[in-house]
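# Architecture at a glance
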Amino acid sequence: MEAYLKNNPFFSEQKDVQRILDYLVLCYLEEHPVASEKIKAIQKEITPYFEDTPFEASNHLFRLVYDLCGAYEDAAFREGFKVGLHLCHEIGKE
């Protein structure tokens, strides 16, 4: 997160929603690690499928799986945050 903040200062001339959401996601993930027992169980279950695969190929496939899951997690967090903001806005109207 420190590297991100150095390259993308939170308080700068370029205040945009994307950077704010990036910052929130980083903060959330820092405080709520995603390596849950469920994830560890899935890793254990999927590992045997890669045992006969050459190291470089299995490494690449694992990276693709992790990147795909990370992209879904990131999108879900951002959409959930937007829904929460919209709900707060609607409640504030009443």
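The following paragraphs examine the structure supplied in this document. Please read these numbers as outputs of a predicted model, since none were measured by experiment. (Residues numbered from 1 in each chain as written. Predicted model: local features only at pLDDT ≥ 70, side-chain atom pairs only at ≥ 80, totals over all residues. Heavy atoms only, no water.)

The subject of this paragraph is the pattern of salt bridges. Within the structure shown, the criterion is met by four salt bridges. Of the charged contacts in the structure, one is a salt bridge between Arg78 and Asp74, with a shortest N-O distance of 2.7 Å. Placement of both Arg78 and Asp74 in helix α4 (residues 55-93) is noted, with a separation of four residues, approximately one turn of the helix. One salt bridge in this structure joins Lys82 and Glu79, with 3.2 Å as the shortest N-O distance. With a gap of three residues between them, Lys82 and Glu79 both fall in helix α4, about one helical turn apart. Assessed through its relative accessible area of 42%, Lys82 is described here as partly exposed. (Salt bridge = Lys/Arg side-chain N within 4 Å of Asp/Glu carboxyl O. Helix = DSSP H or I, 4+ residues; strand = E, 2+ residues; numbered from the N terminus. Buried < 20%, exposed > 50% of the residue type's maximum accessible area, 1.4 Å probe, protein only.)

This next bit is on the packing of aromatic side chains. On inspection of all chains with the given rule, the structure shows three aromatic pairs. An angle of 35° between the planes, with centres 4.5 Å apart, marks the rings of Phe50 and Phe62 as tilted. Placement of Phe50 in the loop between α3 (37-46) and α4 and of Phe62 in helix α4 is noted, with a sequence separation of 12 residues between them. There is no split in this pair, since Phe50 and Phe62 are both buried. Measuring from centroid to centroid gives 6.4 Å for Phe77 and Phe81, while their planes differ by 15°, and the two rings are stacked. Of the two residues, Phe77 and Phe81 both sit in helix α4, four residues apart, roughly one turn of that helix. Taken together, the ring pairs in this structure connect Phe50, Phe62 and Tyr66 into an aromatic cluster. (Phe/Tyr/Trp six-rings, centres within 6.5 Å; stacked < 30°, edge-to-face > 60°.)

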